[in-house]
Each structure stands twice: as structure tokens, then as C-alpha cells.
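One letter stands for each residue in the lines below.
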Amino acid sequence: MKIAIVGAGNIGTAMAALFASAGEEVTLVARGARLDAVARDGVCLDDRGTLHAGPVRAVTALDGVQDAVFLCVKAQDLGDAVAANGRGIGPDTLVIPMINGLPFWFFYDAGRAVPLADPSGALAGHLRPEQVLGAVLLMTVQTEASGRAVSTNTPTLSLAPVVDGADLAAVDRLIGVLNGAGVRTDLAPDIRQKVLVKLLANIATNPLSALLGCNLAEIGRTGDLLALAFGLADEVRAWAADELGRDLPDNDWLGALLLDAGDFPTSMLQDARAGRRLELDAIARAPLALAGEGAMPLLTALVAALDASPRLPLDGPAAQEARAGLISLTHPERIQA
């Protein structure tokens, strides 16, 4: 298959390295110094001591139609990425957005839009719903200064068409290629449920980590941080049950997940430390808009604290004050782990 990956960050680099190592024809869209480095050195993933590496074709934008395009950019950059790489997306190209948060396609089957997901209309204008595959990736990745990606777990990917009418033979072929490249991939019977489960974990950890500088295991083993994570999860769980009719995992599951993740910084904490824009629209503001005013007071306060902070993550007295203000909105007795 002709496979393109748009974005050479953590996930894009890891996916490109896995495909290239398996001998697939890979085109990677990158920019600036990263483009030059990839063109010169190829890509590399260190998966717990096992190296996956290989050459890829590095370009600034796609110039030919691909069989599958993985969009490995932040949710807020999807529209620009699709518009800039339109020459690589034909009517039958499978498009796989590898994003955190509530995806733009979530209500495609209901004919509704996700707030803040496609403000420019670029996604609706360039993509047929039948060619979009919902994707939920579970993979912890960081990129070293050298450009090598480092992962601490086996990548697990769930894929599924988001509306009827997709080319199921092409989807099956792509799943076979992914499994052959070392990405444990399945065709999900309910991709929206998987999105919501990951969204619960994202909301419970990403904004909190960006504000206070804590990693996943630190949240899991620290009483007040765990109370905050559980409080955020309680709000998501109530919204999903009341508004979407969905049951999500309990706080015992979340607590175990945090400890199992180890001392790993969330993607939002990595962005905060690098001074990059946070994925708050997809992860937090879209669910807040759908839930309605007053439905998620802890998440609302957390987003307001992030918006008001001139520098992230906070430290010293500023972090202590923010932490105390947030904990006052929780119910510590709910800790179950």
C-alpha cells in the first residue's frame, strides 16, 4: 500500500518507523529541520530496546494520491493539514485521524457537528465521510532530541468506518498491513465507545498534568491528584450516561491505568513544557460545550486555570494555590483505588 503520514511528531515518527521497518512504501510529511533530518537519516523507534528503523520519503506536502493517509497532527491542526495535503487524498483514500479528544466525525452518523472540531470547514469540504476511519491508538511515545521516538508499550489500534458505505476490503487490507508492521490492530464493533473511554482518561489526566507538571503514575499514587482525576472522570461519566446513553469504566479502572502507565508525561504536558498550543478544544472545550453550562464545574475550573496561566506547567506557590482551588471542588471520599 501507498501509506502517507502527515506530521513527524511523536506518533507520526513512531508509525512511520514501524511501517518503514516492515518494508512498506511510506511518505512522511514534515517541516523545517525535522524534514531535513528525516530525509537524511530516515526514522527510528526504540520499542523497549527493539529498534524499528528505515528510510521514508520526506516531503513538505503530499503530491500524489495515497491508499491511506494517517493524520498525526494535533486536533486543532487537522483542517490545515488536510487542505495542505489535498493532492494526496483521492476519493478512495482511507483517511485516519490519529487524534486525542472528541473527533470531528463523532456525530457523522447522526448528522450533527462536534463543537470547535472543524471551524474552517476544511474537513467537511475535503473528506467524504465514507473514507474516514475512526481510530483509537493506545501508545506511549516520546521523541528524543536526536529525533528517535521511544515507546514503552506495544501500540494497540482500533479502527472502524464512521458511516456506512466504506470500502471494507480496503479497510481489511490496511488492518493486515498494520498488524504486519507491529501495530496490534482490530476492527472495532463500536469505535465511538472506545473514543469515549479514551476521552475519559484524557480529560482526567491531560489538562491536570499540563497545569501542575505531574506525570501519569504521579497522579495515580498522590492522594489529592488522584481525587482530582477521579472528580474529572466522574463528570465525564455522568455526561456520557445522561446525554449519550453510554456507560464508561469506573474509577478503579482509571486508578489502575494510571499506575500501569508509569512515570510517563502526557502529550499535553509535553506540549506545555515545549510552549506549544494545548489540545484543549478537542479534549476539554468540545465536551464542555456539549454538556452545557454548569454540568462539569471541575473541568470548567481547570480549563479556566490553564487559560489564565502565563506559563505552564505551574510550580511553587502558584501550583499549590491552583491545586488547592481545584481540590475544593472534588469529593475526596470517592477515591476507590
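Analysis parameters
- Residues numbered from 1 in each chain as written.
- Predicted model: local features only at pLDDT ≥ 70, side-chain atom pairs only at ≥ 80, totals over all residues.
- Heavy atoms only, no water.
- Helix = DSSP H or I, 4+ residues; strand = E, 2+ residues; numbered from the N terminus.
- Rg over C-alpha atoms; globule rule 2.2 N^0.38 Å.
- Buried < 20%, exposed > 50% of the residue type's maximum accessible area, 1.4 Å probe, protein only.
- Areas by Shrake-Rupley, 256 points an atom, 1.4 Å probe, with all protein chains shown as cover.
- Lys, Arg positive; Asp, Glu negative; His and termini not counted.
- Charge placed at Lys NZ, Arg CZ, Asp CG, Glu CD.
- Salt bridge = Lys/Arg side-chain N within 4 Å of Asp/Glu carboxyl O.
- Contact = heavy atoms within 4.5 Å.
- Phe/Tyr/Trp six-rings, centres within 6.5 Å; stacked < 30°, edge-to-face > 60°.
- Lys NZ or Arg CZ within 6 Å of the ring centre and 35° of its normal.
- Pairing = 2+ DSSP bridges.
- Axes fitted to C-alpha atoms, helices over the stretch in contact; angles between N-to-C directions.
- Arc of directions from axis to C-beta.
- Core = buried A, V, L, I, M, F, W, Y, C linked by side-chain atoms within 4.5 Å.
- Parallel < 35°, antiparallel > 145°, perpendicular 65-115°, else oblique.

Caption draft 1: Layout of the overall build of the protein chain. For the protein chain, the count of helices and strands is 13 helices and 12 strands. Taking 20 Å as the expected radius of gyration for a compact globule of 337 residues, we find that the protein chain reaches 20 Å, a close match to that expectation. Taken along its principal axes, the extent of the C-alpha atoms in the protein chain is 55 × 45 × 35 Å. Taking all 337 residues of the protein chain together, 54% fall into the buried category. With an accessible surface of roughly 14,100 Å², the protein chain has 51% of that area assigned to carbon and sulfur atoms. Averaging the locations of the 26 positively and 39 negatively charged side chains of the protein chain gives two centres separated by 5 Å.

Caption draft 2: Expanded view of the pattern of salt bridges. Summed over the entire model, instances satisfying the criterion amount to 18 salt bridges. The closest approach of N and O atoms between Asp271 and Lys74, which form a salt bridge, is 2.9 Å. Placement of Asp271 in helix 10 (residues 267-274) and of Lys74 in the loop between strand 6 (68-71) and helix 3 (78-84) is noted, with a sequence separation of 197 residues between them. With its nearest N and O atoms 2.5 Å apart, the salt bridge here joins Asp190 to Arg246.

Caption draft 3: Up close: the side chain of Asn206. Topologically, Asn206 is positioned in helix 6 (residues 191-212). Judged by its relative accessible area of 3%, Asn206 is buried. For Asn206, the residues in contact, after removing those within four places along its chain, are Thr266, Ser267, Met268 and Ile283.

Caption draft 4: Inspection of the packing of aromatic side chains at higher detail. With the rule as written, the count across this model stands at 4 aromatic pairs. Here Phe19 and Phe70 contribute two aromatic rings whose centre-to-centre distance is 5.6 Å and whose plane-to-plane angle is 50 degrees, an arrangement assigned as tilted. Taken as a pair, Phe19 in helix 1 (residues 10-21) and Phe70 in strand 6 lie far apart in primary sequence, 51 residues in all. Both residues of the pair, Phe19 and Phe70, count as buried. A ring pair is formed by Phe106 and Phe107, whose centres lie 5.1 Å apart and whose planes are at 90 degrees; its orientation type is edge-to-face. For Phe106, a relative accessible area of 4% gives the class buried. Counting every residue linked through ring pairs, the aromatic cluster contains Trp105, Phe106 and Phe107. The residue whose ring lies beneath Arg192 is Phe106, and the NZ or CZ to ring-centre distance is 6.0 Å.

Caption draft 5: Representation of the sheet that holds strand 1 (residues 2-6) in the model. Pairing is parallel across the open sheet formed by 5 strands, whose spatial order is 5-2-1-6-7. The outermost strands of the open sheet, each flanked by one partner alone, are strand 5 (57-59) and strand 7 (94-97). Across the sheet, the mean angle from the axis of one strand to that of its neighbour is 20 degrees, orientation sign disregarded. Two elements, strand 2 (residues 25-29) and strand 5, share 3 bridges in a ladder whose sense is parallel. Across the sheet, the residue bridging to Val29 is Val59, located in strand 5. Along the sheet, helix 5 (residues 168-180) makes contact with strand 1, strand 6 and strand 7, crossing strand 7 at roughly 55 degrees.

Caption draft 6: Representation of helix 2 (residues 32-41). Residues of helix 2 that are buried include every one of Leu35, Ala37 and Val38, and no others. On an axial view of helix 2, the arc spanned by its buried residues comes to 165 degrees, and they lie on one face. Those residues of helix 2 that are exposed and aimed more than 90 degrees away from the buried face are Ala33, Ala39 and Arg40. One or two positions beyond helix 2, positive phi appears at Gly42, with a value near 75 degrees.

Caption draft 7: Quick peek at the nonpolar core. Counting 79 residues, the largest nonpolar core has Val6, Phe104, Leu127, Leu211, Leu212, Leu278 and Leu299 as its most contacted members. By residue number, the principal contributor to this core is helix 6, which donates 11 residues. Residues Val56, Ala135, Met139 and Leu174 belong to the second largest nonpolar core, which totals 41 residues.

Caption draft 8: Expanded view of the sheet that holds strand 9 (residues 141-143). In spatial order, the strands read 4-3-10-9; together these 4 strands make up an open sheet with mixed pairing. Looking at which strands have only one partner, the edges of the open sheet turn out to be strand 4 (50-54) and strand 9. Each neighbouring strand pair of the sheet contributes to a mean axis angle of 20 degrees, computed without reference to strand direction. Inspection of the sheet shows strand 3 (residues 43-47) paired to strand 4 by 5 bridges, in the antiparallel sense. When the sheet's bridge partners are listed, Leu45 is paired in strand 4 with His52. The strands touched by helix 1 within the sheet are strand 3, strand 4, strand 9 and strand 10 (149-151), with strand 3 carrying the most contacts at an inclination of about 95 degrees.

Caption draft 9: Quick look at the packing of helix 6 against helix 11 (residues 280-291). Interaxial distance between helix 6 and helix 11 falls to 10 Å at its minimum, and their mutual angle equals 105 degrees. In this view, helix 6 runs roughly perpendicular relative to helix 11, as classed from their interaxial angle. For the pair helix 6 and helix 11, the contacting residues are Leu199, Asn202, Ile203, Asn206 and Pro207 in the first and Leu280, Ala282, Ile283 and Pro287 in the second.

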